[in-house]
Amino acid sequence: MATGRTHRPATRSRGIPEATVARLPLYLRALTALSERSVPTVSSEELAAAAGVNSAKLRKDFSYLGSYGTRGVGYDVEYLVYQISRELGLTQDWPVVIVGIGNLGAALANYGGFASRGFRVAALIDADPEMAGKPVAGMPVQHTDELEKIIEDNGVSIGVIATPAGAAQQVSERLIAAGVTSILNFAPTVLTVPDGVDVRKVDLSIELQILAFHEQRKAGEGAAAEAAAAAAAPPVTRASAASRKGPDGDVPAVMPA
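Enquirer: Looking at this structure, I do not really get the overall build of the protein chain. What am I missing?
Expert: Helices and strands together make up the secondary structure of the protein chain, namely 10 helices and 11 strands. Counting every position in the protein chain, which comprises 257 residues, the buried fraction comes to 36%. Contacts in the protein chain between residues far apart in sequence, at least 24 positions, make up 56% of those at least 6 positions apart. For the protein chain, the accessible area works out to roughly 15300 Å², and carbon and sulfur atoms hold 57% of it.

See the structure below:
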């Protein structure tokens, strides 16, 4: 089987926009779910809804792949799964190393979705000498002293950084010097890398902060709506107030002075 070191996806050479590339995994996830239910074909509208995009954008994205579907029938699910997988490079074997085997790194190591999507965790690496040799997800953790040799021996081109922020830049530099050209960064810091190295950053705290912003805005809109409703209500006059029943029966709620 081909390895990631010698084969790279052809998306850029074929001129597929980065925005389209970013949506291809969404389409693949939706298509895989359809395939698992033995659904043979799907319309652009159905697939767009499942992927969370509009159908016009989906059809435009698929045109870059040379796939236009069949009028009145839709898209062949199995063919699209293969086509998108091939375009993303998922029909190859991509050895991956995870550096930083704390709580997050261990959780990533135990994630079963890597293998099913074409990514093979080749090694788990940590700077703590006490971690060396300990099994995590059925693999022994190796010390960072072995990082360069591990990358060379396994033909690794993708590295996952799950270290504390202070160690991430140095780790990235060692990965790149050893031949890694793509990095998935979970550390809460921005990495400085040379041209030709791709970095994807995953910051859970930022995502939560964005959700907090939207929650705050929704709460503000709710308060504004309540204020507007109160302002639009008819005013309470002296007569209408006096006609209300008090807590003990027909007693005015507002007593005359």
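Now that the structure has been shown, the text picks up again.
Enquirer: So what exactly am I meant to see when it comes to the packing of helix α7 (residues 147-154) against helix α8 (residues 165-178) here?
Expert: Packed helices, taken two at a time, are described by the angle between their axes plus the distance between the axes. Contact pair α7 / α8: the axes reach a minimum separation of 9 Å and the direction vectors enclose 40°. The pairing of α7 with α8 is recorded here as oblique in orientation. Remark: the crossing between α7 and α8 carries right-handed chirality. Touching Leu-147, Glu-148 and Ile-151 of α7 are Arg-174, Leu-175 and Ala-178, all from α8. Considered class by class, the residues forming the contact of α7 with α8 number 4 nonpolar, no polar and 2 charged.

Enquirer: Sorry, what's going on with the sheet that holds strand β7 (residues 158-161) here?
Expert: Sheet strands pair by backbone hydrogen bonding; their relative direction is either parallel or antiparallel. Reading across the sheet, the 7 strands line up as β5-β6-β4-β3-β7-β8-β9 and stay open at both edges, with mixed pairing between neighbours. Every interior strand has two partners, whereas the edge strands, β5 (135-136) and β9 (198-201), have only one. Where strand β4 (residues 119-126) meets strand β6 (residues 139-143), 3 bridges bridge the pair, whose relative direction is parallel. Bridging from a neighbouring strand, Leu-124 pairs with Val-141 of β6. Taken strand by strand, α7 contacts β3 (94-99), β4 and β6, and its axis lies near 165° from that of β4. Taken strand by strand, α8 contacts β3, β7 and β8 (182-185), and its axis lies near 170° from that of β7.

Enquirer: Quick question: what am I supposed to make of the pairing of β4 here?
Expert: Side-chain positions along a regular strand alternate between the two faces of the sheet. Across the 8 residues of β4, 6 count as buried, placing the element largely inside the fold. In this sheet, β4 lies alongside β3 in parallel orientation, the contact comprising 6 bridges. Across the sheet, residue Pro-95 finds its bridge partner in β4, namely Arg-120.

Enquirer: Just checking my understanding: could you explain the side chain of Ser-172 for this structure?
Expert: Assignment of secondary structure puts Ser-172 in helix α8. Those residues within four positions of Ser-172 in sequence are excluded, and the remaining contacts are Ile-161, Ile-183 and Leu-191.

Enquirer: Mind showing me how you'd approach helix α4 (residues 77-88) here?
Expert: Note: α-helices contain 3.6 residues per turn, so residues at a spacing of three or four share the same orientation. Relative to the 16 Å expected for 12 residues at 1.5 Å per residue, α4 spans 16 Å between its end C-alpha atoms, a close match to the ideal helical length. Listing the buried residues of α4 in full gives Val-77, Leu-80, Val-81, Gln-83, Ile-84, Ser-85, Glu-87 and Leu-88. Buried-residue contacts for α4 involve α1 (18-36), β1 (41-42), α2 (44-51), α3 (55-65) and β2 (75-76). In this structure Asp-76 caps α4, since a side-chain oxygen of it lies 3.2 Å from the backbone nitrogen of Glu-78. Gly-89 sits one or two residues past α4 and shows a positive phi near 85°.

Enquirer: Explanation requested: the packing of α2 against α3 in the structure shown.
Expert: Between α2 and α3, the least distance of the axes is 8 Å, while the angle of their chain directions is 100°. Put simply, α2 runs roughly perpendicular to α3. Touching Ser-44, Glu-45, Leu-47 and Ala-48 of α2 are Ser-55, Leu-58, Arg-59 and Phe-62, all from α3.

Reading the values: rules and limits
Residues numbered from 1 in each chain as written. Predicted model: local features only at pLDDT ≥ 70, side-chain atom pairs only at ≥ 80, totals over all residues. Heavy atoms only, no water. Helix = DSSP H or I, 4+ residues; strand = E, 2+ residues; numbered from the N terminus. Buried < 20%, exposed > 50% of the residue type's maximum accessible area, 1.4 Å probe, protein only. Contact = heavy atoms within 4.5 Å. Areas by Shrake-Rupley, 256 points an atom, 1.4 Å probe, with all protein chains shown as cover. Axes fitted to C-alpha atoms, helices over the stretch in contact; angles between N-to-C directions. Parallel < 35°, antiparallel > 145°, perpendicular 65-115°, else oblique. Left-handed = near helix turned anticlockwise from the far one by under 90°. Nonpolar A, V, L, I, M, F, W, Y, C, P; charged D, E, K, R; others polar. Pairing = 2+ DSSP bridges. Expected span 1.5 Å × (residues − 1). Polar contact = N/O pair within 3.5 Å; in protein donor to acceptor, adjacent residues only side chain to side chain.

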